[in-house]
Amino acid sequence: MADPELVDVVVIGLGVGGEEVAGRLAEAGLTVVGVERELVGGECPYWGCVPSKMMIRAANAIAEARRVDGLAGTAEVRPDWAPVAKRIREEATDTWDDTVAVERFTGKGGRFVRGSARLDGPGRVRVGEQVFQARHGIVLGTGTRPSVPPVDGLAETPYWTNRQAIEVEELPESLLVLGGGAIGLELAQVFARFGVRVTVVEALDRVLAVEEPEASEVAAAALRADGVEIHTGVRAERVSHDGRGFTLRGADGAEFTAERLLVVTGRRAHLDGLGLDTVGVDAGRRYLAVDDRLHVTEGIWAVGDVTGEGAFTHVAMYQAGIVVADVLDHARRADGGADPSGTASATGGASGAVGASGTTGSGGSAGAVPRADYRALPRVTFTDPEVGAVGLTERQARERGVNVQVGLARVPSSARGWIHKAGNEGFVKLVADADQGVLIGATSVGPAGGEVLSGLVVAVHAAVPLARLRQMIYAYPTFHRAIEDALRNMS
Ligand SMILES: Cc1cc2nc3c(=O)[nH]c(=O)nc-3n(C[C@H](O)[C@H](O)[C@H](O)COP(=O)(O)OP(=O)(O)OC[C@H]3O[C@@H](n4cnc5c(N)ncnc54)[C@H](O)[C@@H]3O)c2cc1C
């Protein structure tokens, strides 16, 4: 067996979070080994955010063209998937090749190892025959994979996950989507706009069940207007495939058929086979439990989806900033105070990992390690209309015993919504803590719902008093003026 090689840090999994941590620590002057068994960059650039948003951009262009009738004359639209598949292949993923991403990491001074890594006792990581002893720490950024429900027969069928849906070159004639969450709805709407007959089957009593009920209603109505059939409250009991198509049977006996079946019922952390037991960490958990500096246990940090703190790229990037600062702080103290970076503030900068426009990270200023705070965590479902949300829903706030005030304003009733006309569905809903006089949650649904959300994120993040929000000037006629209307409607 090979002697362990002494390095400063080993990062296992170079997805969004791991690549950011590994690159910034390497730039700060540590010897960093980054291990990745698939593609550097992870799910987001190859099978997640980036290609799915390219699909959505294309599908929205079709929808806008169809809105020309009644607004600007007539337009004939003939959807064609070929340019979308080509763009995903050539621009987003380099045909699922990570050469550029590997070079991006090694260019920062990191050492790249391709393979599946596992912990092998405190401070030790094994990749095949190679063994590394990490002086300053190990970072786990192993991400998630699709969580497939134990439906009778499903495992034996050639069902799709997000990966096959993103890689598709030729669209099926019909598609069953099992799961009415954010990913399911985004992809359902895309395929429907390209002419696929889409049926969404959801076990809960509404789609987008984690969001406000009003958001579920608007999203469901928008998808139905695109021709998507939506069946809620249907628990899938059995799936079969006869070589030509799928049949899904619900517990109530209802049957749904389609050429393809896409399963998007959630994600599950990659924790199995990681050797967590060798460092005294419970391997049976759904996610890694971390503290507010992303510590798992002595000398081990986690970053990204494995922490279960909302499966978003922006969370992985945010956490990466904290991990970088904390690892550098530990390294500085272990080395008797010398700053390993020589600068004491590795602020990172754009990694480009996900076509990034910079990091939200907290820098690597030793001794000033920020603590993770998810109170103002934004989330956006990129359907048309977009569903943006931050903080607590009304129901969550009430369940926590907050003295809740709610205000809602509909986009079509606003000046901009009325002007916009076709495709103007949406609303702004505010959830306030009446005792504190601040917003603790908000939802923004509309043609630019995710963008309108940003002002609401600032309000929740900075606990801006409601009185100050009411004194603000809101540009006329923007979509975000609905925030002012919702403030006025608060009770
Ligand atoms: C269809 C879809 C659309 C999405 N859209 C958005 C969006 O619009 N906005 C958004 O914010 N988020 C979106 N997400 C979520 C986003 O992709 C994830 O939050 C993000 O990729 C998490 O990054 P990560 O670094 O935690 O994990 P991942 O990106 O999953 O990377 C983990 C990496 O670790 C590697 N790995 C695992 N185990 C080992 C091991 N033992 N050894 C070596 N390597 C290992 C894996 O191969 C993988 O490359 C979307 C996801 C999907 C599926």
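That block above? That's the structure.
Residues numbered from 1 in each chain as written. Predicted model: local features only at pLDDT ≥ 70, side-chain atom pairs only at ≥ 80, totals over all residues. Heavy atoms only, no water.

Further remarks concern the overall build of the protein. What the protein contains, in helices and strands, is 14 helices and 22 strands. Taking 23 Å as the expected radius of gyration for a compact globule of 491 residues, we find that the protein reaches 24 Å, a close match to that expectation. If you line up the protein on its principal axes, its C-alpha atoms span 70 × 65 × 45 Å. A burial count over the protein gives 51% of its 491 residues as buried. Restricting to contacts in the protein with at least 6 residues of sequence separation, those with at least 24 account for 65%. Of the roughly 21200 Å² of accessible surface on the protein, 49% is carried by carbon and sulfur atoms. The centroid of the 50 positive side-chain charges in the protein is displaced by 3 Å from the centroid of its 64 negative side-chain charges. (Helix = DSSP H or I, 4+ residues; strand = E, 2+ residues; numbered from the N terminus. Rg over C-alpha atoms; globule rule 2.2 N^0.38 Å. Buried < 20%, exposed > 50% of the residue type's maximum accessible area, 1.4 Å probe, protein only. Contact = heavy atoms within 4.5 Å. Areas by Shrake-Rupley, 256 points an atom, 1.4 Å probe, with all protein chains shown as cover. Lys, Arg positive; Asp, Glu negative; His and termini not counted. Charge placed at Lys NZ, Arg CZ, Asp CG, Glu CD.)

Attention now moves to the pattern of salt bridges. A full pass over the atoms with the stated rule returns 37 salt bridges. Of the charged contacts, one joins aspartate 384 and arginine 67 as a salt bridge, the two residues approaching to 2.9 Å between their closest N and O atoms. Separated by 317 residues along the polypeptide, aspartate 384 in the loop between β18 (378-381) and β19 (386-391) and arginine 67 in the loop between α3 (49-66) and α4 (82-92) bring together distant segments of the chain. Relative accessible area serves as the criterion here: at 11%, aspartate 384 is assigned to the buried category. The exposure class assigned to arginine 67 is buried, which follows from its relative accessible area of 16%. In this structure, glutamate 394 engages arginine 398 in a salt bridge whose closest nitrogen and oxygen atoms are separated by 2.9 Å. One end of the pair, glutamate 394, and the other, arginine 398, are both in helix α10 (residues 394-399), four residues apart, so they sit about a helical turn from each other. Residue arginine 398 is classed as partly exposed on the basis of its relative accessible area, which comes to 45%. (Salt bridge = Lys/Arg side-chain N within 4 Å of Asp/Glu carboxyl O.)

Moving on, we come to unusual backbone geometry. Omega for the bond connecting aspartate 384 with proline 385 falls within 30 degrees of zero, at 5°, which places this linkage in the cis form. Tracing the backbone shows proline 385 in the loop between β18 and β19. Here the residue pair tyrosine 476 and proline 477 is connected by a cis peptide bond, since its omega of -10° sits within 30 degrees of zero. With respect to the secondary-structure elements, proline 477 resides in the loop between α13 (466-471) and α14 (481-488). In the Ramachandran plot, leucine 294 falls in the positive-phi region, its phi being about 65° despite a non-glycine side chain. Tracing the chain through its elements places leucine 294 in the loop between β15 (267-269) and β16 (295-297).

For the rest of this paragraph, the subject is helix α9 (residues 313-334). With 22 residues, α9 should reach 32 Å at 1.5 Å per residue; the first-to-last C-alpha distance of 31 Å fits that figure. Of all 22 residues in α9, 16 are buried, a share of seventy percent or more. Looking one or two residues past α9, glycine 336 carries a phi angle of roughly 75°, positive in sign. (Expected span 1.5 Å × (residues − 1).)

Okay, the site of the ligand next. Around the ligand, 37 residues are found, and the nearest of them are Glu36, Lys53, Ala117, Asp305 and Thr313. Taking aspartate 305, its main chain carries an N or O atom lying 2.8 Å from an oxygen atom of the ligand. Contributions of two or more residues to the shell around the ligand are made by α1 (16-27), β2 (32-36), α2 (43-47), α3 and α9. Across the shell around the ligand, the residue classes tally to 13 nonpolar, 17 polar and seven charged. (Near = heavy atom within 4 Å. Polar contact = N/O pair within 3.5 Å; in protein donor to acceptor, adjacent residues only side chain to side chain. Nonpolar A, V, L, I, M, F, W, Y, C, P; charged D, E, K, R; others polar.)

Before going further, it helps to spend a moment on the nonpolar core. By size, the foremost hydrophobic cluster in this structure holds 74 residues, and its most contacted members are Val21, Leu25, Val32, Met55, Trp81, Phe191 and Val198. If one sorts the elements of this core by residue count, α9 sits on top with eight residues. What leucine 25 contacts, discounting residues up to four positions off in sequence, is Val9, Leu30, Val32, Val324, Val327 and Leu328. (Core = buried A, V, L, I, M, F, W, Y, C linked by side-chain atoms within 4.5 Å.)

Okay, the sheet that holds strand β11 (residues 236-241) next. For sheets, the rule is that strands pair by backbone hydrogen bonds, running either parallel or antiparallel. One open sheet holds the three strands; their spatial order is β11-β12-β13, and the pairing between them is antiparallel. Two strands lie at the open edges of the sheet, namely β11 and β13 (255-258), each paired on one side alone. Sheet twist, expressed as the average angle between the axes of neighbouring strands with direction ignored, equals 15°. Bridge analysis of β11 against strand β12 (residues 246-250) gives five bridges, and the strand direction is antiparallel. Residue pairing for β12: valine 239 is matched across the bridge by leucine 248. (Pairing = 2+ DSSP bridges. Axes fitted to C-alpha atoms, helices over the stretch in contact; angles between N-to-C directions.)

A few words now on the packing of aromatic side chains. Evaluated as defined, the whole model comprises four aromatic pairs. Aromatic side chains tryptophan 81 and phenylalanine 191 sit 5.6 Å apart centroid to centroid with 45° between the ring planes, which places their arrangement in the tilted category. With a gap of 110 residues between them, tryptophan 81 in the loop between α3 and α4 and phenylalanine 191 in helix α7 (residues 182-193) connect regions that are remote in the sequence. Assigned by exposure class, tryptophan 81 and phenylalanine 191 land together as buried. With 4.8 Å between their ring centres and 90° between their planes, tryptophan 81 and phenylalanine 194 make a pair best called edge-to-face. Of the two residues, tryptophan 81 is situated in the loop between α3 and α4 and phenylalanine 194 in the loop between α7 and β9 (197-201); the sequence distance between them amounts to 113 residues. Of the two residues, tryptophan 81 and phenylalanine 194, neither departs from the other in class, the shared state being buried. Ring-pair connections join several aromatic residues into one group, and the members of that group are Trp81, Phe191 and Phe194. Above the plane of the ring of tryptophan 47 lies arginine 163, whose end atom (NZ or CZ) is 3.6 Å from the centre. (Phe/Tyr/Trp six-rings, centres within 6.5 Å; stacked < 30°, edge-to-face > 60°. Lys NZ or Arg CZ within 6 Å of the ring centre and 35° of its normal.)

On to the environment of isoleucine 473. Relative to the elements of secondary structure, isoleucine 473 occurs in the loop between α13 and α14. Take isoleucine 473: its relative accessible area is 81%, and that puts it in the exposed class. Sequence separation between isoleucine 473 and glutamate 484 is eleven residues, and the spatial gap between their C-alpha atoms is 8.8 Å.

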